[in-house]
Amino acid sequence: MKTPAQYKTIIISDLHLGSEGAKAKEVVAFLKSTSCETLIMNGDIIDGWQLKKGGSWKKKHTAFFRVVLKMIEEHGTKVIYLRGNHDDFLDQIIPFQLGKQFSIRKDYILKSGKKQFFITHGDIFDSVTSNMKWLAHLGDIGYTFLLGLNKLYNRYRAWRGMPYYSFSKKIKQQVKKAVNHVSDFEEKLAELALANDCEGIICGHIHKPEIKAIGEVTYMNSGDWVESLSALIETHEGIWELMYYANEALLLSEEDTNELILNENKN
């Protein structure tokens, strides 16, 4: 196998492990192909909502945490788990510290070069999940149904030799745009950064990977591992980039990719 790509920081969010749409094998393969000093898991890693409604926890979901533990043991990676709205059950134990390498908390301030970034999942500024939780759960049921329907639709497209198409992602983006318009999601997060004497904000929650400027604040969103399969990475030179698993997979040889999948299936 190729030597893992080395980064200073990797930020992932919205894995939704325990739900039907979680791309657990892909995120495991991604982490196995990288190494970093700090791994930040920015919320909705475990989908407690789906597990309560009958979702299933599979070996591939456990494999994710095995990889994270291996990063701590073999590379000394510092792991920070920030709670999201789907894993809000963590509120019962926050703040939690296990040794020097692993902690669970609500938010975190990361120093990057000359800047400080305030990191939070972002659901505190989503008017739906904050003030109308019953509506958020209803929307979650609808989105889960769309993911199942989308899987059947793409099986048909694959049979016809057609490329993958995600109408569930497109629909959810339209819904989230409306939520953002009502709650001023991104602008409020930028204000939160300034209120905490930070020059940047890093979030997840809306499943929309992005790096952009909002006034004098750098806004970054790590996306998700349901459909966009994206992560934020910081190089050792302090440069931030969005990385997509589909692009990262191209860096792996067919032999490397098959070995990653084979090892995952053994787990």
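Criteria and thresholds
Residues numbered from 1 in each chain as written. Predicted model: local features only at pLDDT ≥ 70, side-chain atom pairs only at ≥ 80, totals over all residues. Heavy atoms only, no water. Helix = DSSP H or I, 4+ residues; strand = E, 2+ residues; numbered from the N terminus. Expected span 1.5 Å × (residues − 1). Buried < 20%, exposed > 50% of the residue type's maximum accessible area, 1.4 Å probe, protein only. Pairing = 2+ DSSP bridges. pLDDT = per-residue confidence, 0-100. Contact = heavy atoms within 4.5 Å. Axes fitted to C-alpha atoms, helices over the stretch in contact; angles between N-to-C directions. Phe/Tyr/Trp six-rings, centres within 6.5 Å; stacked < 30°, edge-to-face > 60°. Parallel < 35°, antiparallel > 145°, perpendicular 65-115°, else oblique. Left-handed = near helix turned anticlockwise from the far one by under 90°. Nonpolar A, V, L, I, M, F, W, Y, C, P; charged D, E, K, R; others polar. Salt bridge = Lys/Arg side-chain N within 4 Å of Asp/Glu carboxyl O.

The name that an unreviewed UniProt entry assigns to the chain is UDP-2,3-diacylglucosamine diphosphatase, with the source organism given as Flectobacillus longus.

> Which residues make up helix H3 (residues 59-75), and what values go with them?
In a regular helix each residue adds 1.5 Å, so 17 residues correspond to 24 Å; H3 covers 24 Å between its end C-alpha atoms and thus fits that length. At the C-terminal side of H3, Gly76 shows a positive phi close to 70°.

> Give a description of the pairing of strand E8 (residues 200-203) that names residues and reports values.
Burial along E8 is two-sided: the face carrying Gly200 and Ile202 and the face carrying Ile201 and Cys203 are both buried. Sheet topology places strand E7 (residues 115-120) next to E8; 3 bridges connect them, and they run parallel. Bridging from a neighbouring strand, Ile119 pairs with Ile202 of E8. Here E8 runs beside strand E10 (residues 217-221); their pairing, made up of 4 bridges, is parallel.

> Before we move on, can you summarise the confidence of the model for the chain with the specific residues and values?
With 74% of its residues at a pLDDT of at least 70, the chain reaches an overall mean of 81. Within the chain, helix H9 (residues 254-266) has the poorest average pLDDT of any element, 45, and strand E3 (residues 78-82) the best, 98. Contacts of residues 128-139 to residues separated by more than four positions or lying in other chains number 17 contacts, the stretch itself having pLDDT below 50. pLDDT under 50 marks residues 250-265. Its contacts with residues more than four places away, or in other chains, come to 19 contacts.

> Run through the sheet that holds E10, naming residues and quoting values.
Read from one edge to the other, the open sheet built from 5 strands follows the order E6-E7-E8-E10-E9, with strand pairing classed as mixed. Among the strands making up the open sheet, the edge pair consists of strand E6 (107-112) and strand E9 (210-214). Across the sheet, the mean angle from the axis of one strand to that of its neighbour is 20°, orientation sign disregarded. By the bridge criterion, 5 bridges tie E9 to E10 in an arrangement that is antiparallel. Counterpart to Ala213 in the pairing with E10 is Thr218.

> Go over the packing of aromatic side chains with me, naming the residues and quoting the values.
Tallied over the entire structure, the rule returns 5 aromatic pairs. Geometrically, the ring pair formed by Phe117 and Trp240 is tilted, given 5.8 Å between the ring centres and 55° between the ring planes. Of this pair, Phe117 sits in strand E7 while Trp240 sits in strand E12 (residues 240-244); the two residues are 123 residues apart in sequence, bridging distant segments of the chain. Taking relative accessible area as the criterion, Phe117 reaches 3% and is therefore assigned buried. Given a relative accessible area of 14%, Trp240 falls into the buried group.

> Tell me about the environment of Ile80, residues and numbers included.
Summarising the element assignment, Ile80 is placed in strand E3. Placed 69 residues apart in sequence, Ile80 and Ile11 show a C-alpha to C-alpha distance of 9.5 Å. Contacts of Ile80, omitting those with residues within four sequence positions, involve Thr38, Leu39, Ile40, Met41, Ser103, Arg105 and Tyr108.

> Talk me through the packing of helix H1 (residues 24-32) against H3; I want residue IDs and the actual numbers.
Axes are the key here: two packed helices are described by the angle between their axes and the distance separating the axes. At a closest axis distance of 9 Å, the pairing of H1 and H3 adopts a crossing angle of 15°. When the interaxial angle is binned, H1 and H3 end up roughly parallel. Here the hand of the crossing between H1 and H3 comes out left-handed. Here Ala24, Lys25, Val27, Val28, Leu31 and Lys32 of H1 lie close against H3, whose contacting residues are Lys60, His61, Ala63, Phe64, Val67, Val68 and Met71. When grouped by side-chain class, the residues that make up the contact of H1 with H3 number 9 nonpolar, 1 polar and 3 charged.

> Could you give an account of the pattern of salt bridges, with specific residues and numbers?
One side chain can pair with another of opposite charge once the charged atoms of both are near each other. Throughout the structure, instances matching the rule amount to 3 salt bridges. Salt-bridge contacts for Glu186 lead to Lys212; the nearest nitrogen and oxygen are separated by 2.7 Å. Taken together, the residues Glu186 in helix H7 (residues 185-195) and Lys212 in strand E9 connect sequence positions 26 residues apart. On the accessibility criterion, Glu186 (10% relative accessible area) is buried. Within the structure, one salt-bridge network assembled from shared partners comprises Arg83, Asp91 and Asp123.

> Lay out the sheet that holds strand E1 (residues 5-12) with the relevant residues and their values.
One open sheet accounts for 7 strands, arranged E4-E5-E3-E2-E1-E11-E12; its pairing is mixed. A strand with exactly one partner marks an edge of an open sheet, and here the two such strands are strand E4 (96-98) and E12. Strand-to-strand, the axes of this sheet are offset by a mean angle of 20°, without reference to chain direction. Alignment of strand E2 (residues 34-42) against E3, held across 5 bridges, turns out to be parallel. Residue Asn42 lies in a different strand from E3, and its bridge partner there is Leu82. Strands E1, E2, strand E11 (230-234) and E12 of the sheet are contacted by H1, whose axis makes an angle of about 140° with E2. Sitting on the sheet, H3 touches E1, E2, E3 and strand E5 (102-105), and the angle it makes with E2 is about 130°.

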